[in-house]
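Structural features, examined
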There are 2 protein chains.
Amino acid sequence: MIPIGVSNRHIHLKREDLDQLFGEGYQLTTAKELSQPGEFAANETVRVIGPKGEFPAVRILGPLRKFTQLEISKTDSFSLGVKAPLRASGKIAGTPGIKLVGQKGELEIQEGVIVAERHIHMTQADAAKYNVKDGDYVSVKSAGERSLVFNKVLIRVKDSYALDMHIDTDEANAAGLRTGDQVEIMK
Amino acid sequence: MIPIGVSNRHIHLKREDLDQLFGEGYQLTTAKELSQPGEFAANETVRVIGPKGEFPAVRILGPLRKFTQLEISKTDSFSLGVKAPLRASGKIAGTPGIKLVGQKGELEIQEGVIVAERHIHMTQADAAKYNVKDGDYVSVKSAGERSLVFNKVLIRVKDSYALDMHIDTDEANAAGLRTGDQVEIMK
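A brief look at the structure comes next. (Residues numbered from 1 in each chain as written. Chains lettered and ligands numbered in written order. Predicted model: local features only at pLDDT ≥ 70, side-chain atom pairs only at ≥ 80, totals over all residues. Heavy atoms only, no water.)

A short note on the overall build of chain A
Looking only at helices and strands, chain A features four helices and 15 strands. A compact globule built from 187 residues should have a C-alpha radius of gyration of about 16 Å, and chain A, at 17 Å, falls within 12% of that. For chain A, the spread of C-alpha atoms along the principal axes amounts to about 50 × 35 × 30 Å. Burial status across chain A gives 51% buried among its 187 residues. (Helix = DSSP H or I, 4+ residues; strand = E, 2+ residues; numbered from the N terminus. Rg over C-alpha atoms; globule rule 2.2 N^0.38 Å. Buried < 20%, exposed > 50% of the residue type's maximum accessible area, 1.4 Å probe, protein only.)

Thoughts on the relation of the copies chain B and chain A
The two copies are related by a screw operation: chain B maps onto chain A through 180 degrees of rotation and 0.0 Å of translation along the axis, at an RMSD of 0.0 Å. A rotation of that kind, with that shift, is consistent with a two-fold axis. A share of 100% of the interface residues of chain B reappears at the interface of chain A, consistent with the copies meeting face to face through the same patch. (Least-squares fit on C-alpha atoms with pLDDT ≥ 70 in both. Contact = heavy atoms within 4.5 Å.)

Thoughts on the pattern of salt bridges
It is possible for side chains of opposite charge to pair when their charged atoms get near one another. Summed over all chains, the structure comprises 20 salt bridges over all chains. Across the pair A:Asp19 and A:Arg15 runs a salt bridge, and its minimum N-O distance is 3.0 Å. With a gap of four residues between them, A:Asp19 and A:Arg15 both fall in helix α1 (residues 15-22), about one helical turn apart. Look at A:Asp19 and you get buried, because its relative accessible area is 16%. A:Arg15 gets classed as partly exposed once you look at its relative accessible area, which sits at 30%. Of the charged contacts in the structure, one is a salt bridge between A:Lys99 and A:Glu106, with a shortest N-O distance of 3.1 Å. Given a relative accessible area of 26%, A:Lys99 falls into the partly exposed group. Relative accessible area serves as the criterion here: at 43%, A:Glu106 is assigned to the partly exposed category. Three or more residues are tied together by salt bridges with common partners; here these are A:Arg118, A:Asp168, A:Glu171 and B:Arg146. (Salt bridge = Lys/Arg side-chain N within 4 Å of Asp/Glu carboxyl O.)

Shown next, in the form of structure tokens:
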């Protein structure tokens, strides 16, 4: 059984964009450690402004990355009025940009708005146990009154990962799942 | 193959509640015919006010019913701050109420806020063809980049029904489905 982690809308920032939004050399502060070792939800948030709507406080996740990436649900994409494609994390070429406002400045990113492809983080040992490898796709079954089977779930393997299946709020709500619920990889 | 109908948040009203919200004897006007024969989206909307948030214009669907029922997604339930349970249409006993505001008046309904159970409308002829009966549950497969299998899909049979699978916006967004897309009942 694999625990579920539900990802609410959030943003990853690169150094240059954090400087622009919060001031040169700004250091994020940790609100909460996340399930993946080293990852954290920051106290800091950004305002995200789309052509149709906005979110006043989107959580920044740390640590900083090499690229800025805003992860939203399809529902969010309709609220903002931005056509965010389904992408694996990091695959942001050709994706839309959006306006960000921080404590000290604002910024129009040129790309980086995605709906994240659902995925399972696991170690090499887990991968061996489930007989899968990095980049594979599997089907995953959830139980409960809104039971369903997610097809096309990406496997991501790294020895620093904790075993965790990440889905967004649309997927969680459609399946009646909450963080910590258990799901099963189908044979 | 069965066509998908995506239900956005909407409300069904009984006579007494329409009177209270829009005035004695008020007649709804038709904005758009729906896929189910006789059903329509009205031009009229109501403001829905929950403990945490509100929606300024929730579409009324006609014709009038014997009970008032507000159908929202789980995402909506978090926005409103109301614990709406998953229910088949009409099974509203013990469900939460909410505040409604119309053109002429307002109203605190005592029950009727639900997340609708996904379901397929079909005729007796369709039911015979798919080898199912009213009240059965089936599994339904969707294709595409967010392909999934919905388990526990309720079958609703009536000869006045048009063949249609109704899902809410969370389910549509989680599956990457839009109204008119085709899905398949699994054997």
